[in-house]
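Architecture at a glance
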Amino acid sequence: MTRSDRPPATPASTEAGRLPAPDGRRAPEVRELRDERLDRAGVAMLLVRDDLVDPELPGNKWRKLKYNLSAAREQGFGTLLTFGGAYSNHLRAVAAAGRRHGLRTVGIVRGEQHLPLNPSLAYAAAQGMTLAYLDRDTYRRKHTDAVLAELKRAWGDCYVIPEGGSNALAVRGCAELPAEIDAAYDVLCCPVGTGGTLAGLAGGLTGTRRALGVAVLKGASFLAGEVTELQRQAFGAPTDNWRIDLDHHFGGYAKRTPQLDAFVADFHRRHGLALDPIYTGKLLAALFDLAGQGAFPPGTRLAAVITGSAPLDAPHRGA
């Protein structure tokens, strides 16, 4: 896919000088991270604070939902139905978005109900979301026609958003972020769970810039196919300007190790930013490790997207 270059980017954005986002919001704040470990590697790093754009719909959550909400309204749906685990940020975001836009929301939760609700699910319910539960075997088949048909029989005609929000419309929303970053960078980096954010970021890049995703799942080689297919659905063809690092999952999704915990705590001490170890902690740990290994040529400017934060009640919350 051919995309035109845009003019050379200016230094990191300031509070007063951020580019406007396509939907009228201010673009995310961009901060340069100063760290002697990066200096030794000859690498510069920007933090793209997409998590600060909206307290209820931070970063890639809003970007993934933006065009899905428009499609639901245009197609006349009054109900959104989506999926997630017990501590899902996605369920929280869909619940908040539904409340804002006057849409009924149904959250299908993996596993059995546990009362009282944890704070994540209690928040979603407080936003008006109806919670229902699927046993884990059925949940694994949630994308099949049979399970979707049964859900629609139970909940009526509804607009279905996949787990994590990743579909072609979500990719289109995420593709808008690169143009909002008013700073010079070479590699745009993000954590990867379902592949939608990476697919969009790579699709929105121009010139010689590339995207790097850090898989937060163990055994995630399948994600390359997911990203390729999402780009095909969103743009008509995949791009060749991205790759996924599979070696910094720290044991798997929502898993943690003493090494990861130490990195997250040290990063908080040095820079005052609490990373969640599910996504952004693994992203930054991977980038520092790769930089220390010499994986980036000297002079490379990395832009790390802080996509959001873990719920404070999650069992693996940030520092």
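Our structure is the block above this text.
Before going further, it helps to spend a moment on the overall build of the protein. Scanning the protein for helices and strands turns up twelve helices and ten strands. Put simply, the protein has 319 residues, and 53% of those count as buried. Relative to all contacts within the protein whose residues are 6 or more apart in sequence, the contacts with residues 24 or more apart total 73%.

Right, let's get into the packing of aromatic side chains. Scanning the entire structure with this criterion turns up six aromatic pairs. Look at Phe77 and Tyr159: their rings are 5.8 Å apart centre to centre, the planes differ by 65°, and that puts the pair in the edge-to-face class. Of the two residues, Phe77 sits in the loop between helix H2 (60-74) and strand E3 (79-84) while Tyr159 sits in strand E6 (residues 159-160), which places them 82 residues apart along the sequence. With relative accessibility at 19%, the residue Phe77 sits in the buried group. Taken together, the aromatic side chains of Phe263, Phe267 and Phe288 make up a single cluster linked through ring pairs.

With that settled, the discussion passes to the packing of helix H9 (residues 196-204) against helix H10 (residues 223-235). Following both chains from N to C, one finds H9 and H10 inclined at 55°, their axes separated by 9 Å at the closest point. Accordingly, the angle class assigned to the pair H9 and H10 is oblique. Handedness of the H9/H10 crossing: right-handed. Residue-level inspection shows Gly196, Leu198, Ala199, Ala202 and Gly203 of H9 in contact with H10, the latter providing Val227, Leu230, Gln231 and Phe235. In terms of residue class, the contact of H9 with H10 is built from six nonpolar, three polar and no charged.

Structurally, Ala215 can be placed in strand E8 (residues 210-215). Taking the relative accessible area as the measure of exposure, Ala215 reaches 0% and is therefore buried. Through-space distance from the C-alpha of Ala215 to that of Gly193 is 6.3 Å; in sequence the pair is 22 residues apart. With sequence-adjacent residues up to four places away left out, Ala215 is seen in contact with Val192, Ala220, Leu223, Ile244, Asp245, Leu246, His248 and His249.

Position of Asp51 relative to the elements: it lies in the loop between strand E2 (44-49) and H2. Judged by its relative accessible area of 16%, Asp51 is buried. Within polar-contact distance, the side chain of Asp51 engages the side chain of Arg49 at 2.8 Å. The residues contacting Asp51, other than those within four sequence positions of it, are Pro58, Gly59, Ile306, Thr307 and Gly308.

It is worth spelling out the packing of helix H3 (residues 89-101) against helix H4 (residues 119-126) at this point. Viewed as axis vectors pointing N to C, H3 and H4 meet at an angle of 15°, and their least axial separation amounts to 8 Å. The angle between H3 and H4 places the two elements in the roughly parallel class. The interaxial crossing formed by H3 with H4 has left-handed handedness. In this structure, H3 contributes Leu91, Arg92, Ala95 and Ala96 to the contact, and H4 contributes Pro119, Ser120, Leu121, Tyr123 and Ala124. Here the residues of the contact of H3 with H4 sort into seven nonpolar, one polar and one charged.

Another aspect to go through is the sheet that holds strand E4 (residues 104-110). Strand order in the open sheet formed by four strands is E5-E4-E3-E6, with parallel pairing between adjacent strands. Whereas interior strands pair on both sides, the edge strands pair on one side only; in this sheet they are strand E5 (130-134) and E6.

Considering the arrangement of structural elements, one finds Glu176 in the loop between helix H7 (168-174) and helix H8 (177-180). A relative accessible area of 17% means that Glu176 is categorised as buried. In this structure the side chain of Glu176 is engaged in a polar contact, spanning 2.3 Å, whose partner is the side chain of Tyr67.

This part covers the pairing of strand E9 (residues 242-245). Here E8 runs beside E9; their pairing, made up of four bridges, is parallel. Opposite Leu212, over in E9, you have Arg243 as the bridge partner. Crossover handedness for the path E8 to H10 to E9: right-handed.

Tallied over the full model, the rule gives 22 salt bridges. Glu163 is the partner of Arg110 in a salt bridge, and the nearest nitrogen-oxygen pair spans 3.6 Å. Placement of Arg110 in strand E4 and of Glu163 in the loop between E6 and H7 is noted, with a sequence separation of 53 residues between them. Its relative accessible area of 31% is what places Arg110 among the partly exposed residues. It is possible to trace a salt-bridge network through shared partners that takes in Asp35, Glu36, Arg37, Asp266, Arg269 and Arg270.

The next subject is the state of the cysteines. Per the counting criterion, the structure on display carries zero disulfides. Cysteine Cys174 remains unbridged, with the sulfur of Cys190 as its closest cysteine sulfur at 8.3 Å. Residue Cys174 is classed as buried on the basis of its relative accessible area of 0%.

Conventions and cut-offs
- Residues numbered from 1 in each chain as written.
- Predicted model: local features only at pLDDT ≥ 70, side-chain atom pairs only at ≥ 80, totals over all residues.
- Heavy atoms only, no water.
- Helix = DSSP H or I, 4+ residues; strand = E, 2+ residues; numbered from the N terminus.
- Buried < 20%, exposed > 50% of the residue type's maximum accessible area, 1.4 Å probe, protein only.
- Contact = heavy atoms within 4.5 Å.
- Phe/Tyr/Trp six-rings, centres within 6.5 Å; stacked < 30°, edge-to-face > 60°.
- Axes fitted to C-alpha atoms, helices over the stretch in contact; angles between N-to-C directions.
- Parallel < 35°, antiparallel > 145°, perpendicular 65-115°, else oblique.
- Left-handed = near helix turned anticlockwise from the far one by under 90°.
- Nonpolar A, V, L, I, M, F, W, Y, C, P; charged D, E, K, R; others polar.
- Polar contact = N/O pair within 3.5 Å; in protein donor to acceptor, adjacent residues only side chain to side chain.
- Pairing = 2+ DSSP bridges.
- Right-handed = clockwise from strand over helix to strand, strands pointing away.
- Salt bridge = Lys/Arg side-chain N within 4 Å of Asp/Glu carboxyl O.
- Disulfide = S-S within 2.5 Å.

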